[in-house]
Amino acid sequence: MASTESRPASARERLLDAAARLFYAHGMVATGIDTITAEAGVAKKSLYNNFSSKEELMLAYIEARHAEWLDLYRTRAEAAATPRDGVLAVFDAYIDHAEAGYVHGFRGCGLLNAAAELPAGSAGREAVRRHKEQVESILAAQLAGITSPDRAAGAAEHCAFLLEGAMARAGLEGGPDRLAHARQLASALVDAL
């Protein structure tokens, strides 16, 4: 008979969870290894058994945030009946992100916050760039079901700019209102195609 109890989290999972909370709340550079290991309830050696450096842990955090957003989007996209709904699902995933319960409040896009702390050309910044490109590509693919490829690419870029600007303002204001407004603007843009 299968057990109904969940397995305990591995040290790697506990470290990533602790890093995610702390990096988002306080920033990656400001959060030390000792703080992360204490929050995770593991020895410092466990951190280095799972990650070769703090930089590798930061990159794992960025990759986990990307996967988290993709999960939010996929959940919303499953209910999308039309390409228009698919575009709005992207905005809805951003709104879902903003409405998640954050201990220290919503601070905007965790990926952009992370990228702002990293030097140009770093692996972490490149991972964030790839994420943002993937979001725009998702938008373009949905819009291609509505209009020509050239117009779809232009509208996708426009929607991506709407998202990023709204996310920045939502982070400053601590809530999803700007994202909801950006969704309305995107809806009007799509309807005009």
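Each remark here, short or long, concerns the structure printed above.
All of these numbers come straight from a predicted model, not from anything done at the bench.

Draft legend 1. View of the layout of surface pockets. Roughly 350 Å³ of volume is contained in the largest pocket. Lining the largest pocket are 19 residues, and of these D17, A20, R21, Y24 and R65 lie nearest its centre. Only α1 (11–26) and α4 (54–78) provide two or more residues apiece to the lining of the largest pocket. If you tally residues by element for the lining of the largest pocket, the top one is α1, at eight residues. Here the residues of the lining of the largest pocket are counted per class, giving nine nonpolar, four polar and six charged.

Draft legend 2. Structural context of the environment of E126. Mapping E126 onto the fold places it in helix α7 (residues 123–143). Distance from E126 to A156, taken between C-alpha atoms, is 20 Å for residues 30 residues apart in sequence.

Draft legend 3. Representation of the pattern of salt bridges within the structure. Tallied over the entire structure, the rule returns 13 salt bridges. Residue D96 is joined to R76 by a salt bridge in which the shortest nitrogen-to-oxygen separation is 2.8 Å. Note that D96 is positioned in helix α5 (residues 83–99) and R76 in helix α4, a separation of 20 residues in sequence. Of the residues examined, R76 reaches a relative accessible area of 33% and is grouped as partly exposed. One connected set of salt bridges, linked through shared partners, spans R76, D92, D96 and R183.

Draft legend 4. Spatial organisation of the environment of H181. Within the secondary structure layout, H181 lies in helix α9 (residues 177–191). Given the relative accessible area of 42%, H181 is considered partly exposed. When the C-alpha positions of H181 and F91 are compared, they lie 9.9 Å apart, and in sequence the two are 90 residues distant.

Draft legend 5. View of empty space enclosed by the protein. Under the defined criterion, the tally for this structure stands at two cavities of 30 Å³ or more. Taken as a whole, the largest cavity encloses approximately 110 Å³ of empty space. As for the largest cavity, its lining consists of R65, E68, W69, Y94, H97, C109, G110, L111, H131, K132 and M167. With three residues, the single largest contributor to the lining of the largest cavity is α4. Considered class by class, the residues forming the lining of the largest cavity number five nonpolar, three polar and three charged. Residue lining of the second largest cavity: F23, Y24, G27, M28, Y61, R107, G110, N113, A114 and E117, and that is the complete set. When residues of the lining of the second largest cavity are traced back to their parent elements, those giving at least two are α1 and α6 (110–117). At four residues, α6 tops the list of elements feeding residues into the lining of the second largest cavity. Here the lining of the second largest cavity is built from residues that sort into five nonpolar, three polar and two charged.

Parameters and conventions
Residues numbered from 1 in each chain as written. Predicted model: local features only at pLDDT ≥ 70, side-chain atom pairs only at ≥ 80, totals over all residues. Heavy atoms only, no water. 1 Å grid on protein atoms, 1.4 Å probe; cavity = no way out; pocket = protein on both sides within 12 Å on 5 of 7 lines; lining within 4 Å. Points joined across faces, edges and corners; volume = space filled by probe spheres on them. Helix = DSSP H or I, 4+ residues; strand = E, 2+ residues; numbered from the N terminus. Nonpolar A, V, L, I, M, F, W, Y, C, P; charged D, E, K, R; others polar. Salt bridge = Lys/Arg side-chain N within 4 Å of Asp/Glu carboxyl O. Buried < 20%, exposed > 50% of the residue type's maximum accessible area, 1.4 Å probe, protein only.

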